[in-house]
Amino acid sequence: MSDQLYVTRSTMPTFEEYSDQIRKIWETCWLTNMGVQHNELEKLLKEYLKVRNISLMCNGHLALELGLQAMRLRGEVITTPFTFASTTHAIVRNGLKPVFCDIEEENFTMDADKIESLITDETAAILPVHVYGNVCDVEKISRLAKKYHLKVIYDAAHAFGVTYKGRGIASYGDASMVSFHATKVFHTIEGGAVCFSDDEYGLDLFRLKNFGIRGPEEVDFVGSNAKMNEFEAAMGICNLRHIGEAIEMRKQIVGIYRNNLAGTEGIYLQKEQQHVGSNYAYFPIVIDEKQYGLSRNELFDLLKENGIHARKYFYPLTNRFHCYQSMYEENPTPSALKIANRILTLPLYPELEKENVERICDIIKGAQR
Ligand SMILES: *Cc1c(COP(=O)(O)O)cnc(C)c1O
């Protein structure tokens, strides 16, 4: 049905704009392996994201997995369970052990005050997530990393284009992964990248995404294949031309949500962060059942009956996944558990009509008892 509203909808350039962009591919018949479009997008993104280096990949998950692998770590990685499956899988698929840190209840990012007590002789790195594009306590995390000689790699999948104190968010830490999946603020259909400053690290990363190959007769690593192809890069070049406008439209929609939902008893909105240039990637609300009258699951069902498909991002916590059951000691993350049981992410994309945002808010406010 066309009147169904989903949590997101991919932004598209016009058919003509994309056709013009891919026409050039027929001139060379060079489809992948760091072609013209790929190199052009890499250059454009380096400027837009304000980072020293960037390596494009076929998706965000492999970018994170290879970003970790290039750090050559052993032991434990402190991370958050309030995230997408990819974050925890990237750690485990590298033969590393995730150690789960609790989150802050205001912005859902890793609680930096709780990291130090989790550091052991085995700790090799910290992998925080800028969840919903909210900025982690990058300063405290950086101080801890220095003190204990730990690597920091951020999952910045949600944080495309976000700035903190005027600096590109992906320039923090030893590395940051950004995702260009179709559902994200900026996309290349499927895609992602690792941003970093160390050139040596970049060389390893470049080899890892191309089978670990150094030269025609030399293979240095048990690498993977994670190259971005020319059609994906071309989509990225087109989308990047309109990113400012797309983020501005998201901002307007977030404003309508905030105006309409402010003061609704039992509905909590995330705090706007100081010094942060937001990308307005997601609009999560936290439902206090006692004050609101309905539970998160009841509100989810009610919206669904009205054709509005909100999402329980992020529920369940990754440390509650079936595949991780009884693999790691129970490490209580009570705030993460509380938020996971109460959070609901509402539809948000540039073309979402004002009337629909107001309709969603009316349903939410009308159900309050
Ligand atoms: C989307 C996402 C990823 C993975 O990115 P893909 O490009 O889909 O592989 C990783 N972490 C988080 C938090 C995400 O939302």
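This write-up is about the structure you can find in this document. These numbers were taken from a predicted model, which means no experiment stands behind them.

1. Overview of the overall build of the protein
Phase 1 of the analysis: Each helix and strand in the protein was counted, giving 12 helices and 17 strands.
Phase 2 of the analysis: Along the first, second and third principal axes, the C-alpha atoms of the protein reach 70 × 55 × 40 Å.
Phase 3 of the analysis: Here the protein, with 369 residues, has 56% of them falling under the buried criterion.
Phase 4 of the analysis: Accessible surface for the protein amounts to roughly 17100 Å². Of this, 50% is attributable to carbon and sulfur atoms.

2. Examining the environment of C361
Phase 1 of the analysis: Relative to the helices and strands, C361 is located in helix α12 (residues 354-366).
Phase 2 of the analysis: Residue C361 is classed as buried on the basis of its relative accessible area, which comes to 0%.
Phase 3 of the analysis: It is 6.4 Å that separates the C-alpha atoms of C361 and L261, two residues lying 100 residues apart in sequence.
Phase 4 of the analysis: The contacts of C361, once residues within four sequence positions are left out, are Y257, N260 and L261.

3. Section: the sheet that holds strand β7 (residues 163-164)
Phase 1 of the analysis: Judged by pairing direction, the sheet is antiparallel, and its 3 strands sit side by side in the order β8-β7-β14 without closing on themselves. Only two strands of the sheet have a single partner each, and these edge strands are β8 (167-168) and β14 (276-277).
Phase 2 of the analysis: In this structure, β7 lies alongside β8, joined through 2 bridges in antiparallel fashion. If you follow Y164 over to β8, its bridge partner there is R167.

4. As for the nonpolar core
Phase 1 of the analysis: Ranked by internal contacts, the top residues of the largest apolar core, which has 88 residues, are F82, I115, Y257, I285, L303 and I364.
Phase 2 of the analysis: No other element matches helix α8 (residues 243-261), which puts 7 residues into this core.
Phase 3 of the analysis: Residues in contact with I285, not counting those within four places in the same chain, are L261, I267, Y268, L269, L299, R342, I343, L344, L346 and I364.
Phase 4 of the analysis: Counting 28 residues, the second-largest nonpolar core is a separate cluster that includes L64, A124, A175 and L205.

5. What to know about the sheet that holds strand β10 (residues 192-196)
Phase 1 of the analysis: Strand order across the open sheet formed by 7 strands is β2-β10-β9-β6-β5-β3-β4, with mixed pairing between neighbours. Lying at the two open borders of the sheet, with one neighbouring strand each, are β2 (53-57) and β4 (97-100). Mean inter-strand twist for the sheet, computed between neighbouring axes without regard to direction, equals 25 degrees.
Phase 2 of the analysis: Taken strand by strand, helix α6 (residues 199-208) contacts β2, β6 (151-155), β9 (175-179) and β10, and its axis lies near 155 degrees from that of β10.

6. Regarding a negative patch on the surface
Phase 1 of the analysis: A contiguous patch of negative charge on the surface is contributed by E289, E298, D301 and E305.
Phase 2 of the analysis: The element best represented in the negative patch is helix α10 (residues 296-305), accounting for 3 residues.
Phase 3 of the analysis: Relative to the assigned elements, E298 resides in helix α10.

7. A short note on the packing of helix α2 (residues 36-49) against helix α7 (residues 230-241)
Phase 1 of the analysis: Put simply, α2 and α7 touch, their axes get as near as 8 Å, and they point 35 degrees apart. You can see that α2 and α7 cross each other, and the crossing is left-handed. On α7, the residues that touch V36, Q37, H38, E40, L41, L44, L45 and Y48 of α2 are E230, A233, A234, G236, I237 and L240.
Phase 2 of the analysis: Residue composition of the contact of α2 with α7, grouped by class: 9 nonpolar, 3 polar and 2 charged.

8. Here's the deal with the side chain of R207
Phase 1 of the analysis: Following the sequence through the fold, R207 ends up in helix α6.
Phase 2 of the analysis: The exposure class assigned to R207 is buried, which follows from its relative accessible area of 17%.
Phase 3 of the analysis: If near-sequence neighbours (up to four positions away) are discounted, R207 is found in contact with G212, I213, R214, D220 and F221.

Cut-offs applied
Residues numbered from 1 in each chain as written. Predicted model: local features only at pLDDT ≥ 70, side-chain atom pairs only at ≥ 80, totals over all residues. Heavy atoms only, no water. Helix = DSSP H or I, 4+ residues; strand = E, 2+ residues; numbered from the N terminus. Buried < 20%, exposed > 50% of the residue type's maximum accessible area, 1.4 Å probe, protein only. Areas by Shrake-Rupley, 256 points an atom, 1.4 Å probe, with all protein chains shown as cover. Contact = heavy atoms within 4.5 Å. Pairing = 2+ DSSP bridges. Core = buried A, V, L, I, M, F, W, Y, C linked by side-chain atoms within 4.5 Å. Axes fitted to C-alpha atoms, helices over the stretch in contact; angles between N-to-C directions. Patch = residues over 30% accessible without salt bridge, like charges linked within 9 Å, V, L, I, M, F, W, Y side chains within 5 Å. Salt bridge = Lys/Arg side-chain N within 4 Å of Asp/Glu carboxyl O. Lys, Arg positive; Asp, Glu negative; His and termini not counted. Charge placed at Lys NZ, Arg CZ, Asp CG, Glu CD. Left-handed = near helix turned anticlockwise from the far one by under 90°. Nonpolar A, V, L, I, M, F, W, Y, C, P; charged D, E, K, R; others polar.

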